[in-house]
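Chain by chain, the residues:
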Number of protein chains: 2
Amino acid sequence: MFRNRMPRYEVLSEEAMATLDGGWRRLVTEIGVEFLDSRALDLFREAGQKVEDNTVFLDPDFVLEQVAKAPREFDVQARNHEHDVHIGGDAMAFGAVYGPPFVREGDVRRDGTMDDFRNFSRLAQTFGALDSAGGVVTEPNDTPLDSRHLDMTYALQTLTDKVYMGNVVSGVNARDTLAMTGILFGSREAIEQTPATISLINCNSPLRWDDRMLEAQFEYSAANQPVVLTPFILMGAMSPVTIPAALVQQMAEALSGIALSQLIRPGAPVIFGSFLSNIDMQSGSPTFGTPESGLGLLCTGQIARHFGLPFRTGGGMTSSQVPDAQAGYEALMTLLPTFLAGANWVMHSAGWLEGGLVAGYEKFIIDVELVQMLQHEFTPLEIDEASMAFDAHQEVGHGGHFLGAMHTMERFRTCFYRPMLSSSENYERWMRNGAKDTAARAGEIYRKKLEEYEQPPLDDAIRQELEEYVVRRRAELGD
Amino acid sequence: MFRNRMPRYEVLSEEAMATLDGGWRRLVTEIGVEFLDSRALDLFREAGQKVEDNTVFLDPDFVLEQVAKAPREFDVQARNHEHDVHIGGDAMAFGAVYGPPFVREGDVRRDGTMDDFRNFSRLAQTFGALDSAGGVVTEPNDTPLDSRHLDMTYALQTLTDKVYMGNVVSGVNARDTLAMTGILFGSREAIEQTPATISLINCNSPLRWDDRMLEAQFEYSAANQPVVLTPFILMGAMSPVTIPAALVQQMAEALSGIALSQLIRPGAPVIFGSFLSNIDMQSGSPTFGTPESGLGLLCTGQIARHFGLPFRTGGGMTSSQVPDAQAGYEALMTLLPTFLAGANWVMHSAGWLEGGLVAGYEKFIIDVELVQMLQHEFTPLEIDEASMAFDAHQEVGHGGHFLGAMHTMERFRTCFYRPMLSSSENYERWMRNGAKDTAARAGEIYRKKLEEYEQPPLDDAIRQELEEYVVRRRAELGD
């Protein structure tokens, strides 16, 4: 997996950090955080925190004591251990888009289906730059609602051999995910020892954790599976319009959720989550890849490190309806800060379109190209005598060219990033080849990759046990 | 103009810098630098440097003594002093694309004309994010070759009231540019006191300065006008394939050119130039917006600061043939590092397409959007009690929304960057509005901006004197 050994780009002064620190402390103390689950309220009350109705008024030092119990770094196993991931430190793991109800291929935008879910899972399996298909790579609208999580988990487990995300729609769904993960990895004990699934727990921002998400959190944290406690903030709607206010709120929300995980099971792995962008103040529409989201992301990385926690951000996010210039620049406007900040778990790394409502096939390929480019760019230079190529200058001389120099010959195959998608064809050649723009070329690539896809092998007995589980549970759930 | 008060992202360790420092010293000492101009060779010889044929073997300490004579920062005046620029420190100035023989509007790619030159100049005048139309915003192929520089300079002087770049095709052209600049600003003395034009002197890399460029450099440096000494490096062709080798060569070339300017006129303003990308090692095509160019750019900024010099980079560069997703992400892949590195003079900030062969109307608008976004993003946050908006939380409560909060009402007009081009329309609305992609919307914007363009006022007597100069010189040049 990718290790980001380049420096972190930090934009907050010590003084700014101290001011923000005062901000979240005041929020949790005076406004408090709502937890819509009686078990959560009981845990906080038993731990000496003031609880009124559903609101917990937290002692910030108590919160930090809980946060300190969380591991700074941890491993998550994949069924193919070559695809195990490490979360934290300089490790960066990349997952595909999560949650879109629609898909786009070419000019067609339509409801996502289980076939699309499988296709995107296959694509995520194919590319080495991605560590995970994520979880809900598109919503399979053609499958029964109550048992859909079984189909999705089974697809992720069988079509990929990478880490996958757990279902969080309810406690029931979380228990099913854990049971199926136990089957895949041998036992519940095996996954409690080394976690095997990561789950996304979103906050109903501002300052409210909802019942269904909390149910899932209870299941996953009790099973020692990592949860990503994610304030879901579109500034101007779910937080005040200023970035510092959003950062302070994000700290209050993420840290309070993390504290809960530690009360459920001390030492349970957690990830400081961030989903931070802004709305368009004229229309109220969510916007992505904005200057504000980029700046917020840089600050978030610094804040997570301040608390010694691994952190999660979004990847190639855009508001664009189609995989055009805006989709390209907005995706990079989020992805490049993601690398500058050294995010550890990067969701939505491939396929995000139209504010996350659409999983785009072409966009998936564009984003993989971006992730690959940035993994290349964020690899430190080796600077030594040989790299300075003095001999090549002696060979070539003034005004010459280095195309045939020995130094070039020895290195030309690997010296530069080789684009999968980007074209540098000259105009005549590009015209002869059909004058295809980036989206058209991306379309050819994903179709070819799907044709070439090979399903990773899986033990027949395990596959059968998974299938039996799905059939049995689907019947029990009445679908 | 824009001041970048965010931190610089520095990727070279002290040890790496020391190794690179040793590299350029060895290059100028043992390989030397070619200067194809006898006056240049004489100046170096008289200053005690070893000259053999056209090659000067330089004492690196002598080079640094010359470099130390150059100003660290300086001003360049525009005829509208509101558009004066400062070069150096945290100031960043942005100019449009320079040099493309072709233009693209929509699906049409054709030879650039004088009308295109004027249109791009008008667009550069229109946008506050740009400080200059640059110089050769497109090649006006329909004007006579020998007097074309007069037409271009006149257009830049009359259609914009911003800083412009000088013609460098020959000493004759440079003298004409200086004469016309003297007319516009009152006298030669006036522009010698505060420079009024910036000129691009490209190296014929590796390690050769050509006669015509040197002729121009002699004219401009003698007149105290800033020159941008720019190694022109596509790694793999004009330099070895390793980034450290390219950086070392860039230092040797830029510093030797800067030393010459100081021999011509001690204290003459200079800019450490960088045009650093790579070729595709399969096809030999130039590529832009690559990981290698981004990394090279970050290093270049650090190197220029190491020598106490302002520096120049490229802006929205791309290999893409059309203003599509690749054009968007490659442009940003150069522009974002440009801001991280704090480049002082940013050429090709708007309009660059197809490896610089094409000036694109739609691409111009896309790039201006990117520059505007980044100017917004690279403005430090104000973090204080008011920005943390505690009152808004008291007003809104858990799970509420901030759309109508007092804190929001007071700030909603200015809190976020307002896109000119990017769309966050929901799908239904976007469809109703014609389902226009980014390029189509950019096309509407540039046409509207050209319609709305107003020529900046100019004193009639000066205009007449400029026109007379152009007519007289055109006749003398035989066109």
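Parameters at a glance
- Residues numbered from 1 in each chain as written.
- Chains lettered and ligands numbered in written order.
- Predicted model: local features only at pLDDT ≥ 70, side-chain atom pairs only at ≥ 80, totals over all residues.
- Heavy atoms only, no water.
- Helix = DSSP H or I, 4+ residues; strand = E, 2+ residues; numbered from the N terminus.
- Rg over C-alpha atoms; globule rule 2.2 N^0.38 Å.
- Buried < 20%, exposed > 50% of the residue type's maximum accessible area, 1.4 Å probe, protein only.
- Contact = heavy atoms within 4.5 Å.
- Areas by Shrake-Rupley, 256 points an atom, 1.4 Å probe, with all protein chains shown as cover.
- Lys, Arg positive; Asp, Glu negative; His and termini not counted.
- Charge placed at Lys NZ, Arg CZ, Asp CG, Glu CD.
- Least-squares fit on C-alpha atoms with pLDDT ≥ 70 in both.
- Pairing = 2+ DSSP bridges.
- Axes fitted to C-alpha atoms, helices over the stretch in contact; angles between N-to-C directions.
- Salt bridge = Lys/Arg side-chain N within 4 Å of Asp/Glu carboxyl O.
- Parallel < 35°, antiparallel > 145°, perpendicular 65-115°, else oblique.
- Left-handed = near helix turned anticlockwise from the far one by under 90°.
- Nonpolar A, V, L, I, M, F, W, Y, C, P; charged D, E, K, R; others polar.
- Buried area = accessible area lost by both parts, 1.4 Å probe.
- Expected span 1.5 Å × (residues − 1).
- Polar contact = N/O pair within 3.5 Å; in protein donor to acceptor, adjacent residues only side chain to side chain.
- Phe/Tyr/Trp six-rings, centres within 6.5 Å; stacked < 30°, edge-to-face > 60°.
- Lys NZ or Arg CZ within 6 Å of the ring centre and 35° of its normal.

A.B. asks: Which residues make up the overall build of chain A, and what are the values?
C.D. replies: Of regular secondary structure, chain A possesses 18 helices and 21 strands. For chain A, whose C-alpha radius of gyration is 23 Å, the value lies close to the compact-globule estimate of 23 Å for 479 residues. A principal-axis box enclosing the C-alpha atoms of chain A has dimensions of 80 × 55 × 45 Å. For chain A, buried positions account for 66% of its 479 residues. Considering only intrachain contacts with a sequence separation of at least 6, the fraction spanning at least 24 residues in chain A is 76%. About 15,800 Å² of surface is accessible on chain A, with carbon and sulfur atoms providing 47% of the total. Side chains of chain A give 40 positive and 67 negative charges; the mean places of these two sets differ by 2 Å.

A.B. asks: Lay out the relation of the copies chain B and chain A in plain terms, naming residues and giving numbers.
C.D. replies: With an RMSD of 0.0 Å, the operation that places chain B on chain A is a rotation of 180 degrees combined with a shift of 0.0 Å along the axis. Taken together, these values place the two copies in the relation of a two-fold axis. Of the C-alpha atoms belonging to chain B, the one lying closest to the rotation axis is found on B:Ala325, 1.9 Å away. Most of the interface of chain B is mirrored in chain A, where 99% of its interface residues are also at the interface.

A.B. asks: Any details on the sheet that holds strand 20 (residues 352-353) of chain A? Residues and values, ideally.
C.D. replies: Residue and element names in this part refer to chain A. Ordered by their spatial adjacency, 4 strands build an open sheet running 9-8-21-20, and the pairing between neighbours is mixed. Since the sheet does not close on itself, it has two edges, and those belong to strand 9 (108-111) and strand 20, each with one partner. Across 3 bridges, the pairing between strand 8 (residues 102-105) and strand 21 (residues 358-360) is parallel. Bridging across to strand 21, Arg 104 finds its partner in Gly 360. Seen against the sheet, helix 12 (residues 361-377) touches strand 8, strand 20 and strand 21 and runs at an angle of roughly 65 degrees to strand 21.

A.B. asks: With reference to specific residues and values, describe the pattern of salt bridges.
C.D. replies: Pairing between side chains of opposite charge can happen when their charged atoms approach one another. For the structure shown, the criterion picks out 52 salt bridges over all chains. A:Arg118 is the salt-bridge partner of A:Asp115, the closest N and O atoms lying 3.2 Å from each other. Separated by 3 residues within a single helix, A:Asp115 and A:Arg118 lie in helix 4 (residues 114-126), roughly one turn from each other. Judged by relative accessible area, A:Arg118 falls into the partly exposed class, the value being 30%. For B:Arg110, the salt bridge is made with B:Glu105, and the minimal N-O distance between the two is 2.8 Å. For B:Glu105, a relative accessible area of 28% puts it in the partly exposed group. Each of A:Asp176, A:Arg472, A:Arg473 and A:Glu476 takes part in one network of salt bridges that share partners.

A.B. asks: Tell me about the packing of helix 5 (residues 148-159) of chain A against helix 6 (residues 171-185) of chain A, and name the residues and values.
C.D. replies: Residues and elements named next belong to chain A. Closest axis-to-axis distance for the helix 5/helix 6 pair is 10 Å, and the angle between their directions is 30 degrees. The angle between helix 5 and helix 6 places the two elements in the roughly parallel class. The hand of the helix 5/helix 6 crossing is right-handed. Only Asn 173, Asp 176, Thr 177, Met 180, Thr 181 and Leu 184 of helix 6 make contact with helix 5, whose side of the interface consists of His 149, Leu 150, Thr 153, Tyr 154 and Gln 157. Taken together, the residues of the contact of helix 5 with helix 6 sort by class into 4 nonpolar, 6 polar and 1 charged.

A.B. asks: How would you summarise the interface of chain B and chain A if you had to cite specific residues and measurements?
C.D. replies: Each side of the interface is counted separately: chain B has 119 residues, and chain A has 118 residues. Summing both partners gives a buried area of about 9,500 Å² for chain B against chain A, and 69% of it is carried by carbon and sulfur. It is B:Tyr329, B:His398 and B:Phe416 in chain B that bury the most area against chain A; as a group they hold 9% of the surface buried on that side. Linking chain B with chain A are 0 salt bridges.

A.B. asks: I'd love a proper account of the sheet that holds strand 17 (residues 286-287) of chain A, names of residues and values included.
C.D. replies: Residues and elements named next belong to chain A. If you walk across this open sheet you meet the 3 strands as 14-16-17, and the pairing is mixed. A single partner strand is all that each edge strand has here, and the edge strands are strand 14 (232-235) and strand 17. In this sheet, strand 17 lies alongside strand 16 (residues 275-279) in antiparallel orientation, the contact comprising 2 bridges. Within the sheet, the bridge partner assigned to Ile 279 lies in strand 17 and is Pro 286. Across the face of the sheet, helix 9 (residues 243-264) comes into contact with strand 14 and strand 16 while running at roughly 170 degrees to strand 14. Helix 10 (residues 291-306) rests against strand 14 and strand 16 of the sheet, and its axis sits at about 155 degrees to strand 16.

A.B. asks: Can you lay out the pairing of strand 11 (residues 197-202) of chain A for me, pointing to particular residues and giving the numbers?
C.D. replies: All names here are of chain A. A large share of strand 11 lies buried, amounting to 6 of its 6 residues. Burial along strand 11 is two-sided: the residues Thr 197, Ser 199 and Ile 201 and Ile 198, Leu 200 and Asn 202 are all buried. By the bridge criterion, 3 bridges tie strand 10 (residues 164-166) to strand 11 in an arrangement that is parallel. Paired with Tyr 164 across the strands is Thr 197, a residue of strand 11. Summarising the sheet, strand 11 and strand 13 (residues 227-230) pair through 4 bridges and their orientation is parallel.

A.B. asks: Can you break down helix 12 of chain A residue by residue, with the values?
C.D. replies: For helix 12 of chain A, with 17 residues, the first-to-last C-alpha span of 25 Å sits near the 24 Å given by 1.5 Å per residue. Taking burial as the measure, the 17 residues of helix 12 of chain A include 16 buried ones, the bulk of the element.

A.B. asks: Tell me about the pairing of strand 16 of chain A, residues and numbers included.
C.D. replies: Residue and element names in this part refer to chain A. The buried fraction of strand 16 amounts to 5 of the 5 residues, a majority that puts the element mostly inside the structure. Bridge count between strand 14 and strand 16: 4 bridges; the pairing is parallel. Each residue of the ladder has a partner; that of Leu 234, found in strand 16, is Ser 277. What sits between the antiparallel neighbours strand 16 and strand 17 is a turn of 6 residues, in which Gly 284 has the positive phi angle 80 degrees.

A.B. asks: Give a description of the side chain of A:Glu34 that names residues and reports values.
C.D. replies: Position of A:Glu34 among the secondary structure elements: in strand 2 (residues 33-35). Only 2.7 Å separates the side chain of A:Glu34 from the side chain of A:Arg208, close enough to count as a polar contact. Excluding anything up to four places from it in sequence, A:Glu34 contacts A:Asn54, A:Thr55, A:Leu207, A:Arg208, A:Trp209 and B:His398.

A.B. asks: I'd like to hear about helix 11 (residues 325-341) of chain A, residue by residue, with values.
C.D. replies: Residue and element names in this part refer to chain A. Compared with the 24 Å implied by 1.5 Å per residue over 17 residues, the 24 Å span of helix 11 between its first and last C-alpha is a close match. The element helix 11 is largely enclosed, with a buried count of 17 among its 17 residues. Looking at the residues trailing helix 11, positive phi occurs at Gly 342, about 70 degrees.

A.B. asks: Would you mind going over the packing of aromatic side chains in detail, with residue names and values included?
C.D. replies: Under the counting rule described, the total for this entry stands at 29 aromatic pairs over all chains. Judged by centre distance (5.7 Å) and plane angle (55 degrees), the rings of A:Phe2 and A:Phe339 are tilted. Linking A:Phe2 in strand 1 (residues 2-3) with A:Phe339 in helix 11, this pair joins segments that are 337 residues apart in sequence. Its relative accessible area of 10% is what places A:Phe2 among the buried residues. For the ring pair B:Phe120 and B:Tyr361, a centre distance of 4.2 Å and an interplane angle of 20 degrees mean the geometry is stacked. Here B:Tyr361 lies in helix 12 (residues 361-377) and B:Phe120 lies in helix 4 (residues 114-126), a separation of 241 residues in the sequence. With respect to class, B:Phe120 is no different from B:Tyr361; both count as buried. Over the ring of A:Phe102 we find A:Arg109; its NZ or CZ atom is 4.2 Å from the centre of that ring. Just above the ring of B:Tyr427 sits the side chain of A:Arg109; from NZ or CZ to the centre is 3.8 Å.

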